[in-house]
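Structural description and commentary
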Amino acid sequence: MDQSAIDRLRDEPVGKQGLWIGGKSLPAASGAVLDVVSPIDGRTIGAIPDAGPEDVDRAVAAARAAFEKGSWSRAAPAERKKVLLRLADLIERNALELAVLGVRDNGTEIGMAYKAEPLSAAGTFRYYAEAIDKVYGEIAPTKPDVLGLIHREPLGVVGAIVPWNFPMMIGAWKAAPALAAGNSVVLKPAEIASLTLLRLAELAAEAGVPEGVFNVVTGRGGVAGEALGLSMDVDAIAFTGSGPVGRRLLEYSARSNLKRVHLELGGKSPNIVFADAPDLDRAAKVSAFGIFRNSGQVCVAGSRLLVQASIHDRFMEKLVAVTERMKVGDPLDLGTDSGAVSSAEQLAKNLGHVADAEREGARLVSGGRRLLEETGGFYMEPTIFEGVKPSMRLSREEVFGPVLAVTRFEDEADAVRLANSTVYGLASAVWTSDLGRAHRMVRAIRAGVVHVNTYGGADVTVPLGGFGQSGFGRDKSLHAFDKYTDLRTAWIALT
Ligand code: NAD
């Protein structure tokens, strides 16, 4: 990746996009569109369809028809594998174009976006493509006069609803295993980050995914997302996003056809630094990047830093120094460490959290303000508060922005108590050189992932998902196939 190649793509026209339904690019039935506003400079760079319930119904009907036709759902797994491997290759071939398009849409710094978006999505499609022709059914250990066969089958139509922070990565976590297993998919991107997923649909068609098998419907959550959630012909919803919307999807399911709902929600993840951490300089650097990359808009961000009292002041000095060296700015500049906040609304929400934390008595030790307002874009200083009490809003609520809450602890029991003091349980980390303590903490912290002496970076081979109100169901790894397949028993009399 070099800067001049990025710069050649930064002003490419985006134009008016279409919905992707039944292998075609179409406007919304109403003709309505939503502006695509770039967080880099606040300018409108294009438009996406503002789909209504009739558009969602059309997409679901196309997905159902394709499923019933069977050219994908009943194809040999090895055939689906070939097509999905081609898709992975196409994503990789177009990686820079996809990465730049995504950054213009949601503001993630390009260095991170390039790896976390197209390259990660390509890897995910390749992983599930390679896996699907190694998945076997089972023969049950029955008595000898019967044969009990357990078939694993696709569900039918899967609705995938994804957030704006990593649309391609998270879209692929859902679409790749669902498609590999033989389902049809209707994907609903977030209204402020749809462009790369519309392009993904074109690439899927080019790779040979049959018409109607993969559809993308853009639009507002409360309209298009709700219609997908309430559809009587969607068999499962795979969702990543906020808790309140997750709750609604459970309600929609109850009010419609009892579709399965898999929820991957937010977090308030503790990052715990013990005095015996192997390398405090490294811990400080990784902790800063673990919250401030992508302006804190990372579901697993280590947004609560718990530091053992005996090293608290020394560690804070290092952390503040690393943080204040981070370069915030144009996300299409390769030298940027943290890009733009995704929207004006999110920036206002972040600044509201800063004001509340000050009002509640937390001490602001770095950042706290909007940056680069003259560009028209949405930027914010990496912000650190110390002395944050567990009762304060900053300890309890997800900001989803570059704001870190620091709390000191005395001993291991205190660290566990603080770590488990929120309703969430998505990610966490422990920094220690004591192997026994590391394993005790892995067992004691209520979180879907516990990092030890690192933060982030887990790949597609391991599951990601939450405990508590961070949701249920797991993306990634072979376990994801459980979300997109059903078991059928054949009980065959042999006499
Ligand atoms: P959000 O819940 O506002 O939106 C997510 C998606 O749901 C979007 O596509 C949106 O259009 C749609 N939606 C909104 N209202 C809807 C409704 N009434 N019915 C159906 N769909 C609706 O979340 P967001 O602001 O896009 O993303 C940020 C959240 O996502 C944070 O809480 C973050 O922690 C979470 N997240 C979790 C993970 C994970 O793996 N657990 C990963 C990334 C982000």
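Residues numbered from 1 in each chain as written. Predicted model: local features only at pLDDT ≥ 70, side-chain atom pairs only at ≥ 80, totals over all residues. Heavy atoms only, no water.

1. Quick look at the pattern of salt bridges
Operational definition: Note on definitions: salt bridges are taken to be side-chain nitrogens of Lys or Arg within 4 Å of carboxyl oxygens of Asp or Glu. Counting from the N terminus, the helices are the DSSP runs of H or I reaching at least four residues and the strands are the DSSP runs of E reaching at least two. Buried, partly exposed and exposed residues are distinguished by accessible area as a fraction of the type maximum, computed with a 1.4 Å probe on protein chains only: under 20%, between the cut-offs, and over 50%, respectively.
Going through the model one piece at a time under the given rule, you end up with 37 salt bridges. Measuring nitrogen to oxygen at the nearest pair gives 3.0 Å for the salt bridge that ties D330 to R10. One end of the pair, D330, is in the loop between α11 (312-325) and α12 (344-360); the other, R10, is in the loop between α1 (3-9) and β1 (15-16), with 320 residues separating them in the sequence. The partly exposed category is assigned to D330, whose relative accessible area is 25%. Taking the relative accessible area as the measure of exposure, R10 reaches 22% and is therefore partly exposed. Between R220 and D50 there is a salt bridge, with the nearest N and O atoms lying 3.0 Å from each other.

2. A look at the nonpolar core
We count it as follows: As used here, the term nonpolar core means buried Ala, Val, Leu, Ile, Met, Phe, Trp, Tyr and Cys residues forming a set that is joined through side-chain atoms within 4.5 Å. We call two residues in contact whenever any of their non-hydrogen atoms come within 4.5 Å of each other.
If you look at the biggest cluster of nonpolar residues, it comprises 93 residues, and the most contacted ones within it are L87, I91, F125, L179 and F214. Sort the elements by how many residues they give to this core and helix α6 (residues 167-180) lands first, with ten residues. Not counting residues within four places of it along the chain, the set of residues in contact with F214 comprises W20, A175, L179, V185, L187, L200, A201, A204 and V209. Within the second largest apolar cluster, 24 residues are counted, among which are A28, V217, L228 and Y252.

3. Things to note about the packing of aromatic side chains
To be explicit about the condition: Geometry of aromatic contacts follows a simple scheme: Phe, Tyr and Trp rings, the Trp one being its six-membered ring, pair when their centres are within 6.5 Å, and the pair is stacked under 30 degrees between planes, edge-to-face over 60, tilted otherwise.
Overall, the coordinates contain four aromatic pairs when judged by the stated rule. Taking the centre distance of 4.9 Å and the plane angle of 85° together, the rings of Y127 and Y128 count as edge-to-face. Looking at Y128, the relative accessible area reads 0%, which means it is buried. Centroid distance Y128 to F481: 5.3 Å. Interplanar angle 80°. Geometry classified as edge-to-face. Highlighted residues: Y128 in helix α5 (residues 110-132) and F481 in helix α16 (residues 481-484), separated in sequence by 353 residues. Classification of F481 as buried rests on a relative accessible area of 5%.

4. Observations regarding the sheet that holds strand β4 (residues 33-37)
Applicable threshold: Note on pairing: DSSP must find at least two bridges between two strands before they are called paired.
Read across the open sheet, the three strands follow the order β1-β5-β4; overall the sheet is mixed. The open sheet has two free edges, formed respectively by β1 and β4, since each of these has just one partner strand. Note that β4 and strand β5 (residues 44-49) share five bridges and pair antiparallel. Within the sheet, the bridge partner assigned to V33 lies in β5 and is P49.

5. Focus on helix α4 (residues 95-106)
Rules: Every helix has an expected span of 1.5 Å times one less than the residues it contains.
Between its first and last C-alpha atoms α4 spans 16 Å; for twelve residues at 1.5 Å apiece the expected length is 16 Å, and the two agree. For α4, the tally of buried residues reaches eleven of twelve residues, placing the bulk of the element in the interior.

6. As for the site of the ligand
The following threshold applies: Near, as used in this document, describes a residue that has one of its heavy atoms within 4 Å of the molecule or strand being considered. Counted as a polar contact is a pair of N or O atoms within 3.5 Å, where, for protein atoms, one must be capable of donating a hydrogen and the other of accepting one, and residues adjacent in sequence contribute only when both atoms are in side chains. For the area figures, the Shrake-Rupley method with a 1.4 Å probe applies, and any residue is considered shielded solely by the protein chains shown. Three residue categories are used. Nonpolar comprises Ala, Val, Leu, Ile, Met, Phe, Trp, Tyr, Cys and Pro, charged comprises Asp, Glu, Lys and Arg, and polar comprises the others, including Gly.
In the vicinity of the ligand, 29 residues are found, and the nearest of them are V162, E191, S242, L265 and E398. A distance of 3.0 Å separates an oxygen atom of the ligand from a polar atom in the side chain of W164. G221 places a main-chain nitrogen or oxygen 3.4 Å from a nitrogen atom of the ligand. Coverage of the ligand by the protein amounts to 91% of the 850 Å² it exposes when considered alone. Counting residues per element, the ones that place at least two in the shell around the ligand are α8 (221-230), β11 (236-240) and α9 (243-255). Among the elements that take part in the shell around the ligand, α8 stands out by supplying four residues, more than any other. Along the lines of polarity and charge, the residues of the shell around the ligand split into 15 nonpolar, eight polar and six charged.

7. What about the sheet that holds strand β14 (residues 304-308)?
To keep things clear, this is the line we draw: Axes here mean lines fitted to C-alpha atoms, for a helix over just the part in contact, with angles spanning 0 to 180 degrees between N-to-C directions.
With mixed pairing, the seven strands of this open sheet are ordered in space as β15-β18-β19-β14-β13-β20-β21. At either margin of the open sheet sits one strand with a lone partner, and together these are β15 (363-366) and β21 (449-452). Strand after strand, the sheet turns through a mean of 25° between neighbouring axes, direction not considered. Note: strand β13 (residues 270-273) against strand β20 (residues 427-431), three bridges, orientation parallel. Pairing of N271 across the sheet is with A429, part of β20.

8. Section: the pairing of β21
Consecutive side chains of a regular strand alternate in pointing toward one face of the sheet and then the other. As judged from the four bridges shared by β20 and β21, these two strands associate in the parallel manner. Note on β21: the bridge partner recorded for A429 is H451.

9. Structural notes on the packing of helix α3 (residues 77-93) against α6
Each pair of packed helices can be summarised by the angle the axes make with each other and by the distance between the axes. Operational definition: When an angle is under 35 degrees it counts as roughly parallel; over 145 it counts as roughly antiparallel; between 65 and 115 it counts as roughly perpendicular; any other value is oblique. Note: crossing handedness is left-handed where the near helix turns anticlockwise from the far helix by less than a right angle, and right-handed where it turns clockwise.
Packing of α3 against α6 leaves a shortest axis separation of 11 Å and a crossing angle of 165°. In terms of their interaxial angle, α3 and α6 are classed as roughly antiparallel. Both α3 and α6 take part in a crossing whose hand is right-handed. Note on element contacts: α6 touches α3 through M168, A176, L179 and A180, opposite R80, L84 and I91.

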